[in-house]
Amino acid sequence: MSSTLNIPPQFEVVDRPLDTQMTISMGPQHPSTHGVLRLELVIDGESVVKATPDIGYLHTGMEKLFEYKKYQQGIVITDRMDYLNPLGNNLGYVMAVEKLLGLEIPERAQTIRVLMCELQRIASHLVWLGTHALDIGAMTVFFYCFREREKILNLIEAASGGRLTPSYFRIGGLMMDLPSGFERRVKQFLDGFPNSVEEFHKLLTGNRIFQKRTQGVGRISAEDAIDWGLSGPCLRGSGVNLDIRRANPYTGYENYDFEVPTEPDCDVWARYMVRMREMKESRKISTQALARLKPGPIKADAPKVVLPDREAMKTHMDALIHHFLIVAEGFDVPEGEVYHPIEASKGELGVYVKSNGGPKPARVHVRGPSFVNLSALPQMVEGEMIADVVAIIGSLDIVLGEIDR
Amino acid sequence: MVTASVPDENNTVSKEKATPSLLVTALQREHPQWIGEIAEAFSEVTAMVPREHIVEVCTYLKSSEEGRFDFLADICGADRGPEEEPRFEVNYHLFSTTKHHRVRLKVLLNESDVHLPTVTGVWRTANWHERETFDLFGVIFDGHPDLRRILLPEDWQGYALRKDFPLRGYEPYSLK
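Please read all numbers here as calculations on a predicted model, not as lab measurements. (Residues numbered from 1 in each chain as written. Chains lettered and ligands numbered in written order. Predicted model: local features only at pLDDT ≥ 70, side-chain atom pairs only at ≥ 80, totals over all residues.)

Draft legend 1. Inspection of the nonpolar core at higher detail. Val97(A), Leu377(A), Ile392(A), Leu94(B) and Leu105(B) are the most contacted members of the largest nonpolar core, which has 155 residues in total. In terms of residue count, the dominant contributor to this core is helix 5 (residues 107-136) of chain A (15 residues). Split by domain, the residues of this core number at least three in each of domain 1 (2-51) and domain 2 (52-404) of chain A. Those residues in contact with Val97(A) that lie beyond four places of it in its chain are Tyr71(A), Ile171(A), Val333(A) and Val353(A). (Core = buried A, V, L, I, M, F, W, Y, C linked by C-beta atoms within 7 Å. Buried ≥ 20, exposed ≤ 12 C-beta atoms within 10 Å, placed from the backbone. Helix = DSSP H or I, 4+ residues; strand = E, 2+ residues; numbered from the N terminus. Domains from an automatic or database assignment. Contact = placed C-beta atoms within 7 Å.)

Draft legend 2. Layout of the domain arrangement of chain A. Residue and element names in this part refer to chain A. The domain boundaries assigned to chain A delineate domain 1 (2-51) and domain 2 (52-404). A separation of 40 Å is found between the C-alpha centroids of domain 1 and domain 2. Listed by partner, the interface residues are 18 residues for domain 1 and 23 residues for domain 2. Of all the secondary structure elements, the ones that give two or more residues to the side of domain 1 that touches domain 2 are strand 2 (38-44) and strand 3 (47-54).

Draft legend 3. The environment of His132(A), seen in detail. All names here are of chain A. With respect to the helices and strands, the residue His132 is situated in helix 5. Under the C-beta neighbour-count criterion, His132 is labelled buried, with 30 such atoms within 10 Å. Sequence spacing of His132 and Val274 is 142 residues, and the spatial spacing of their C-alpha atoms is 14 Å. The contacts of His132, once residues within four sequence positions are left out, are Gly394 and Ser395.

Draft legend 4. Seen up close, the interface of chain A and chain B. Between chain A and chain B, the contact holds 32 residues from the first and 26 residues from the second. Taken together, the elements giving at least two residues each to the side of chain A that touches chain B come down to helix 2 (62-66), helix 4 (86-101), helix 9 (222-227), strand 6 (336-344), strand 7 (347-355), strand 8 (363-367) and helix 15 (369-375) of chain A. Residue composition of the side of chain A that touches chain B, grouped by class: 14 nonpolar, 9 polar and 9 charged. (Nonpolar A, V, L, I, M, F, W, Y, C, P; charged D, E, K, R; others polar.)

Draft legend 5. Quick look at the packing of helix 5 of chain A against helix 17 (residues 386-396) of chain A. Residues and elements named next belong to chain A. Taken N-terminus to C-terminus, the directions of helix 5 and helix 17 make an angle of 175°; their axes are 9 Å apart at the nearest point. In terms of orientation, helix 5 lies roughly antiparallel with respect to helix 17. In this structure, helix 5 contributes Thr131, His132, Asp135 and Ile136 to the contact, and helix 17 contributes Val390, Ala391, Gly394 and Ser395. (Axes fitted to C-alpha atoms, helices over the stretch in contact; angles between N-to-C directions. Parallel < 35°, antiparallel > 145°, perpendicular 65-115°, else oblique.)

Printed below as a string of structure tokens:
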């Protein structure tokens, strides 16, 4: 053919159908990528052929920074990883260090930790619900969710002084005891919360558009979910009954009565239902924790690690010395390495701490649940419509601060 | 915890008593070259694995009836410092979604030869963990399907979490 038409050799005639695929870049400034996530999507028409997540836009070298800070200074770094669940991050980190130190945490401190973590879990799920619905097009839910979340942030602020970065848990206990009247305020919130959940259900669960956008979308089977390392609500949405609070109980979760919700559908809808049910379970745990609050110490009996009370510093010489030494030089942590997993709002948050002795860690690594959950995204979006990518990202509930660290 | 029982002649552990430490001890007896030193501290079990056997050990632990370590929780590297030899550690944190027990496998690497085989064939979740370890420590996972930097830019010089990498980097970074 080319010889008859005298086509010059540089114009090669290719005998194949026109290429219908194209590559587009979604993000990093896309509003529904929940931060700065970039997806390289290969699409054919409207369906996704291949997706490659590109992360690292928020990388701030937190794991490097840990090695240059004293153990107690590391707590404030953890706040900034998963900024929707900072108390959970605090807990994972301080418990890992406490494991190395072999500290016994008093009953009251443990109960308060459970209470605060469950409130934080509700707050985190509320942000997920609001933004997930917003991504799919339901704007109203967002305002309802943030109204409720505001109440929880006010509670966290009352206890710790911070709203987004509380750093409330300290190695060996808590920063300080709960303020007076706190139990009443929590009870007030918890009493009103079931009504709010009913409101969310009314707005979304029966909504035909929402159902169509979520049911059967972004499926991942239980075997695949385990193989990809999914954890938390994403794993339970695939029908796997796994909750670290049950599997490897910590800070007294074995004494609480709660259900682990699972859904068998493996899709966006299942992950939605799991989180909706989980909020009710978290409320149940919070109510139980509230009933268990008894007066008592909130710090471990370890004067070389835990800062002394203000009053003791004014009257006791040794308390003053310990205070000075902890602040100026830090405390020595025995050699060793631990990996401490907790059930954060998004899944298994594992904190690996390695100590060579001395006041600074040799290595801190955080296994962020969002990081691992996001790595399974290509598996879930392949073959789906491009509009569903947004729904699937929303259902994973990722926080880029934790992924990039 | 460990004193509960000892493996019988067949190197198998009775089901209700199968703790991770007994499992790796039994595995060590079966394949002495697979498992080096076994340590238990802070109620966590650490087993040293020579790098050439890491895939076999992982495959075995994943499929073994008593172990069922079907969930790779984490892979993280660690640098012991430029003066240490072997310098690098790669830690694998395994978890079982049915038995709910955990074990840590540790591979030691010399600075002169930072290669080890990938376990992406055992668990697909290893993909990003290994990329992160490569990105921050320069450990090379042979056979990895897509070994690129993941957190830092692709043209980044050096490996940020090595102890000899300065906290603030060598020079202000700018995109080229």
